[in-house]
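Structural overview
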Amino acid sequence: MQGKEVVDAVTMKRALTRITYEIIERNKGIQDIVLVGIKTRGIYIAARIAERLKQLENIDVPVGELDITLYRDDVADNTLEEPELHSSDIPFSVKGKQVILVDDVLFTGRTIRAALDAVIDLGRPKKISLAVLVDRGHRELPIRADYVGKNIPTSIKEEIIVEMEELDGKDRILIKKEAE
């Protein structure tokens, strides 16, 4: 992938560790917490946070996978293609739980709005929080992250690309300028 590397593997690991510690501190434990990763990279980030929580607190935190394709408000805008559907895999009840939605990049907020709708359709959680690896700004909806690994201010013409070992063979974050 072309772009300028702004976060390397070591810095990414530190950011995820910081998010993990913040989750423990703000929730005064993790007994009722469940992590729900938004497909695709949010799933891997959620799994890494769960692994770190297990190391630190010796508690297995359930991790689910959420596909928000059918909840997106921009699906109708692309009438030439049918949306590619994936399945969600949430093998636990969210009712009464503290759900932490996990995603790679927070941009306009539309993905998170869709994820909120999808989670609420599964049951009524006690609380929903948001953890993101990168907050790049440019919100179109009043959504903010509770846990942020890195704030990376961008221009609207730039793109943030998160690469993860599980999918891309390496961990790093790039900024790519849009071709003009």
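Residues numbered from 1 in each chain as written. Predicted model: local features only at pLDDT ≥ 70, side-chain atom pairs only at ≥ 80, totals over all residues. Heavy atoms only, no water.

A word on the overall build of the protein
When you go through the protein residue by residue, the secondary structure sums to four helices and eight strands. Reading the protein from its N end, one meets helices and strands in the order β-α-β-α-β-β-α-β-β-β-α-β. Here the C-alpha radius of gyration of the protein, 16 Å, is about what a compact globule of 180 residues would show, namely 16 Å. Its C-alpha atoms give the protein principal-axis dimensions of roughly 50 × 40 × 30 Å. Accessible surface for the protein amounts to roughly 10,100 Å². Of this, 47% is attributable to carbon and sulfur atoms. One finds the centroid of the 28 positive side-chain charges in the protein at a distance of 6 Å from the centroid of its 33 negative side-chain charges. (Helix = DSSP H or I, 4+ residues; strand = E, 2+ residues; numbered from the N terminus. Rg over C-alpha atoms; globule rule 2.2 N^0.38 Å. Areas by Shrake-Rupley, 256 points an atom, 1.4 Å probe, with all protein chains shown as cover. Lys, Arg positive; Asp, Glu negative; His and termini not counted. Charge placed at Lys NZ, Arg CZ, Asp CG, Glu CD.)

What to know about the side chain of R136
Following the sequence through the fold, R136 ends up in the loop between strand 5 (127–135) and strand 6 (147–151). Of the side chains with opposite charge, E158 lies nearest to the buried R136, which makes no salt bridge, at 5.9 Å. Among the polar contacts listed, one links the side chain of R136 to the backbone oxygen of E158, at a separation of 2.9 Å. Once you skip the residues sitting within four places of it in the chain, R136 turns out to touch V105, L106, F107, I152, P153, T154, S155, I156, E158, E159 and I160. (Buried < 20%, exposed > 50% of the residue type's maximum accessible area, 1.4 Å probe, protein only. Salt bridge = Lys/Arg side-chain N within 4 Å of Asp/Glu carboxyl O. Polar contact = N/O pair within 3.5 Å; in protein donor to acceptor, adjacent residues only side chain to side chain. Contact = heavy atoms within 4.5 Å.)

Examining the nonpolar core
In terms of nonpolar packing, the biggest core is built from 29 residues, with L35, I49, L133 and I173 touching the most fellow members. Counting residues per element, the ones that place at least two in this core are helix 1 (9–27), strand 2 (33–38), helix 2 (41–57), strand 4 (98–106), strand 5, strand 7 (158–163) and strand 8 (172–177). Look past the residues within four positions of I49 in its chain and what remains in contact with it is L16, I19, T20, I23, L35 and V102. Judged by nonpolar contacts, the second largest core, of 21 residues, contains V34, A115, V119 and L130. (Core = buried A, V, L, I, M, F, W, Y, C linked by side-chain atoms within 4.5 Å.)

A closer look at the pattern of salt bridges
Side chains that carry opposite charge are capable of pairing whenever their charged atoms lie near each other. Scanning the model with the defined rule gives 13 salt bridges in all. A salt bridge links E163 to R172, with the nearest nitrogen and oxygen atoms 2.6 Å apart. Like E163, the residue R172 is buried in the burial classification. By sharing partners, the salt bridges in this structure join E5, E163 and R172 into a single network.

A look at the UniProt feature "short sequence motif: PRPP-binding" (unreviewed entry) in the protein
The UniProt entry lists residues 99–111 under the feature "short sequence motif: PRPP-binding" (unreviewed entry), expressed in the numbering used here. Taken end to end, residues 99–111 is 15% helix and 62% strand, and its two terminal C-alpha atoms sit 16 Å from one another. (UniProt positions renumbered as here; feature names shortened; annotations may be inferred.)

Observations regarding the packing of helix 1 against helix 2
Any two packed helices are characterised by the angle at which their axes cross and by the distance between the axes. Two numbers describe how helix 1 lies on helix 2: the axes approach to 9 Å, and their chain directions differ by 60°. Here helix 2 runs oblique to helix 1, going by the angle between their axes. The crossing of helix 1 and helix 2 is right-handed. Of the residues in helix 2, those in contact with M12, L16, T17, I19, T20, Y21, I23 and I24 of helix 1 are I45, R48, I49, R52, L53, L56 and E57. The residue makeup of the contact of helix 1 with helix 2, split by class, is ten nonpolar, two polar and three charged. (Axes fitted to C-alpha atoms, helices over the stretch in contact; angles between N-to-C directions. Parallel < 35°, antiparallel > 145°, perpendicular 65-115°, else oblique. Left-handed = near helix turned anticlockwise from the far one by under 90°. Nonpolar A, V, L, I, M, F, W, Y, C, P; charged D, E, K, R; others polar.)

Some words on the sheet that holds strand 6
Strand order in this open sheet of five strands is 3-2-4-5-6, and the pairing throughout is parallel. Each edge of the sheet is formed by a strand with only one pairing partner; in this case those strands are strand 3 (63–66) and strand 6. Sheet twist, expressed as the average angle between the axes of neighbouring strands with direction ignored, equals 25°. Direction of pairing for strand 5 relative to strand 6: parallel, over a ladder of four bridges. Bridge pairing in strand 6 places V132 opposite V148. Sitting on the sheet, helix 1 is in contact with strand 2, strand 4, strand 5 and strand 6, with an inclination near 155° to strand 6. (Pairing = 2+ DSSP bridges.)

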